[in-house]
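Examination of the molecular architecture
Chain by chain, the residues run as shown.
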Amino acid sequence: MTAKIVVVGSFNADLVSYMKRMPRPGETVHGERFATGAGGKGSNQAVAAARLGADVTFIGRVGNDVFAELAYEIWDAEGVKREFVKRDSDVATGVAPILVDSSGENMIVVVLGANRRIQQSDIDAARERIADADMLVVQLEVNLDIVPYALQTAKAYGVATILNPAPAAAISAETIQLADYLTPNEIELETLSSGDVDDVASAARALLTRHDQTAVVTLGAEGARIVTPEDSLTVPTYAVDAVDTTGAGDTFNAALAVGLSEGAALEDAVRFANAAAALCVTKPGAADSAPYRADVDALYLGQ
Ligand code: RIB
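Throughout what follows, the structure given in this document is the object of discussion. Worth saying up front: this structure is predicted, and the values here are computed from it rather than measured.

Describing the pairing of strand β7 (residues 94-100)
Counting buried positions along β7 gives five out of seven residues, so the element sits mostly inside the fold. Both strand β2 (residues 12-19) and β7 contribute to a ladder of seven bridges, which runs parallel. Bridge pairing in β7 places A13 opposite V95. Bridge analysis of β7 against strand β8 (residues 106-108) gives three bridges, and the strand direction is antiparallel. Paired with I98 across the bridge in β8 is I108. What sits between β7 and β8 in their antiparallel hairpin is a turn of five residues, with G104 showing a positive phi close to 95°.

As structure tokens, this is what we get:
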């Protein structure tokens with residue numbers, strides 16, 4: 001079956017500098033390469049889900065500048081439906097200056113621009129599409145008020161939801177309660193827990209208020225930890241040589257959405273998501289590095 005996924009979220013033009021090591025505050029270092037690419041957590045998730053074979057609708061906003069063309073180009077190339085994307089004439093498209101060092105680690109600054117303009121009416125315009133979806137995915141790279149609205153809308157139609165609380169921000173327990181799957185990384189888990197996290201499972205479990213909610217905490221090279229109110233299980237990932245970790249979390253969320261929507265058991269969907277994220281880090285860029293279905297299946301199914 002084809003998974004039907006709606007992503008509400010950000011598009012950014014990524015301005016990426018690759019260097020041996022990150023500069024310290026006040027220091028200038030030489031970069032080795034520069035690239036401009038399609039990014040933004042929401043758009044990366046939409047593109048990654050489309051490459052995995054899903055029918056994907058993106059709800060977002062871009063500005064009236066050349067960076068918006070980057071978005072249209074990749075969405076059209078990958079078949080991401082964009083009729084619910086609005087173009088604002090008086091604001092810049094989101095941008096993200098990114099530094100990547102030789103180990104593939106990154107530092108990102110996000111300037112939200114048009115992403116901050118997404119409104120409830122944008123979600124309302126797509127109600128029928130949301131009602132018909134298997135999964136709605138939303139992150140925090142937008143005006144935070146629309147996050148609970150998007151989740152509530154999906155829940156009103158009985159559509160499953162993934163809340164990827166990235167980038168890290170404090171959000172209310174009421175918002176978290178609307179997520180069927182909460183997918184923080186360790187930094188985001190710390191922010192949601194408002195303090196140090198000694199034990200991932202206990203911290204994640206403390207955020208869950210419904211018996212049928214699940215947290216999936218991404219742990220980088222360690223894989224991911226599934227946490228339910230009763231249980232917890234670490235699903236290890238695949239060993240690869242990382243070139244650029246940008247977009248790995250987005251690819252993970254996309255693959256989790258696709259796997260679950262296709263009816264996979266949770267543990268299998270997380271293993272599938274681990275495989276997709278592992279392949280993503282072997283290539284430079286964000287959306288550009290999202291893997292295609294055949295490659296993910298080959299790693300996941302061991303072909
Ligand atoms: O998750 C990676 C993304 O974070 C980048 O593409 C950048 O745009 C920021 O949104």
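Side note on the site of the ligand
Within the structure, the ligand sits among 14 residues, and D14, G40, K41, E141 and D250 are positioned closest to it. In this structure, an oxygen atom belonging to the ligand sits 2.6 Å away from a side-chain N or O atom of D14. A distance of 2.7 Å separates an oxygen atom of the ligand from a polar side-chain atom of D250. Within the complex, 97% of the 280 Å² of free accessible area of the ligand lies under protein.

So, the sheet that holds β7
Each strand in a sheet pairs with another by means of backbone hydrogen bonds, the pair being arranged parallel or else antiparallel. One open sheet holds the four strands; their spatial order is β3-β2-β7-β8, and the pairing between them is mixed. Strands at the two margins of the open sheet, each flanked by one partner only, are β3 (31-39) and β8. The average undirected angle you get between the axes of adjacent strands in this sheet is 20°. The sheet contact formed by β2 and β3 spans eight bridges and is antiparallel. From the neighbouring strand, L15 faces β3, where its bridge partner is T36. Seen against the sheet, helix α2 (residues 66-78) touches β2, β3 and β7 and runs at an angle of roughly 65° to β3.

What to know about the nonpolar core
Grouped together as the largest cluster of nonpolar side chains are 48 residues, with contacts concentrated most on I5, W75 and L256. Going through the elements one at a time, β1 (4-8), α1 (41-51), β4 (55-59), α2, β9 (135-138), β13 (224-227), α9 (248-261) and α10 (266-280) are the ones with two or more residues in this core. The leading source of residues in this core is α10, at eight residues. Excluding its chain neighbours within four sequence positions, the residues that come into contact with L256 are I162, T183, V216, A269, V270 and A273.

Conventions and cut-offs
Residues numbered from 1 in each chain as written. Predicted model: local features only at pLDDT ≥ 70, side-chain atom pairs only at ≥ 80, totals over all residues. Heavy atoms only, no water. Buried < 20%, exposed > 50% of the residue type's maximum accessible area, 1.4 Å probe, protein only. Helix = DSSP H or I, 4+ residues; strand = E, 2+ residues; numbered from the N terminus. Pairing = 2+ DSSP bridges. Near = heavy atom within 4 Å. Polar contact = N/O pair within 3.5 Å; in protein donor to acceptor, adjacent residues only side chain to side chain. Areas by Shrake-Rupley, 256 points an atom, 1.4 Å probe, with all protein chains shown as cover. Axes fitted to C-alpha atoms, helices over the stretch in contact; angles between N-to-C directions. Contact = heavy atoms within 4.5 Å. Core = buried A, V, L, I, M, F, W, Y, C linked by side-chain atoms within 4.5 Å.

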